[in-house]
Amino acid sequence: MDLMEIIKGRRATRRYEDKEIPKEDIKKILEAGIWAPSGSNLQSWEFVVVLDKELIEKIKMISPGLFGNPAMLVVGCINVERAKKGGKIGYPMAMMDVSMAFQNMMLMAYSLGIGSCPVLSFNKIALKELLEIPEHVDPILIVTFGYPKFWPKPPRRRPIKEVMHLDKFGRPFEE
Ligand SMILES: Cc1cc2nc3c(=O)[nH]c(=O)nc-3n(C[C@H](O)[C@H](O)[C@H](O)COP(=O)(O)O)c2cc1C
């Protein structure tokens with residue numbers, strides 16, 4: 001697959017087969033994550049990889065936005081102490097860093113035939129307790145991974161001519 005195919009083909013997947021992801025593929029996904037760019041190369045991220053089925057079930061109960069039975073969850077967190085090195089913008093920068101790492105992971109997963117879905121809707125306090133996440137670490141996004149029962153149809157994208165502005169705002173990049 002070429003890169004554009006991977007970028008366009010990745011879909012938020014909410015129905016999964018009951019099938020484990022091989023360890024070597026998990027490693028590839030995680031490695032893709034840590035090679036994402038990060039502001040000032042601070043890498044103020046921490047990721048909790050959840051493979052334990054019972055734990056996944058418990059997380060589902062406190063996550064209204066989490067659908068299906070994924071084989072793996074990755075909980076992306078900000079190490080708030082580390083992010084402080086970035087000063088005032090340290091925290092928002094770390095949010096972008098975690099997002100970029102997750103995009104890398106989701107694209108790598110798709111290239112391996114594995115679906116994924118970002119999940120923002122979860123109870124942060126309950127999740128911290130379940131995963132024994134320390135005080136100075138803030139979970140901000142869960143991504144589910146697994147083999148999809150089917151690949152959903154791509155939702156519509158706002159076209160380039162609507163969202164891309166050439167040189168000055170309001171001038172469409174494409175007529
Ligand atoms: C920051 C963020 C939060 C999201 N939260 C959820 C969520 O809680 N539950 C869910 O099912 N999908 C969630 N999604 C997935 C989006 O609904 C999905 O990416 C969007 O509809 C576009 O579909 P596509 O990813 O298949 O292109 C989230 C996506 C992002 C980027």
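Once a new chain begins, its residue numbering starts again from 1 and follows that chain's sequence as written. Confidence filtering applies because this is a predicted model: local features only for residues at pLDDT of at least 70, side-chain atom pairs given and counted only at 80 or more, and all residues used for totals across whole chains, interfaces and linings.

**Things to note about the site of the ligand**
Step number 1: Residues are counted as near a molecule or strand when the C-beta atom, derived from backbone positions, lies within 6 Å of that molecule or strand. Around the ligand lies a shell of 13 residues, among which Arg-11, Ala-12, Gly-65, Leu-120 and Ser-121 are the nearest.
Step number 2: Each residue is assigned to one class: nonpolar for Ala, Val, Leu, Ile, Met, Phe, Trp, Tyr, Cys and Pro, charged for Asp, Glu, Lys and Arg, and polar for all the others, Gly among them. Of the residues that constitute the shell around the ligand, the class distribution is nine nonpolar, two polar and two charged.

**Let's talk about helix 5 (residues 90-111)**
Step number 1: The end-to-end C-alpha distance of helix 5 is 32 Å, a good match for the 32 Å that 22 residues give at a rise of 1.5 Å each.
Step number 2: Residues are called buried when their C-beta atom has 20 or more other C-beta atoms within 10 Å, exposed when it has 12 or fewer, and partly exposed otherwise; all C-beta atoms are positioned from the backbone. Here a helix means four or more residues in a row that DSSP labels H or I, a strand means two or more in a row labelled E, and each is numbered from the N terminus. Every buried residue of helix 5 is accounted for by Ala-94, Asp-97, Val-98, Ala-101, Phe-102, Met-105, Met-106, Met-108, Ala-109 and Tyr-110.
Step number 3: Positive backbone phi, approximately 80°, marks Gly-113, located one or two places after helix 5. For a helix, the expected span equals 1.5 Å multiplied by the residue count minus one.

**Notes on the sheet that holds strand 3 (residues 115-119)**
Step number 1: At least two DSSP bridges between two strands are required for those strands to pair. Taken together, four strands build an open sheet; the order of strands is 1-2-4-3 and the sheet is antiparallel. Looking at which strands have only one partner, the edges of the open sheet turn out to be strand 1 (45-50) and strand 3. Geometrically, the sheet is characterised by an average inter-axis angle of 25° between neighbouring strands, direction not taken into account.
Step number 2: Summarising the sheet, strand 3 and strand 4 (residues 137-146) pair through five bridges and their orientation is antiparallel. Looking at the pairing, Val-119 lines up with Ile-142 of strand 4. With axes taken as lines fitted to C-alpha atoms, and helix axes fitted only over the stretch in contact, angles between N-to-C directions fall between 0 and 180 degrees.

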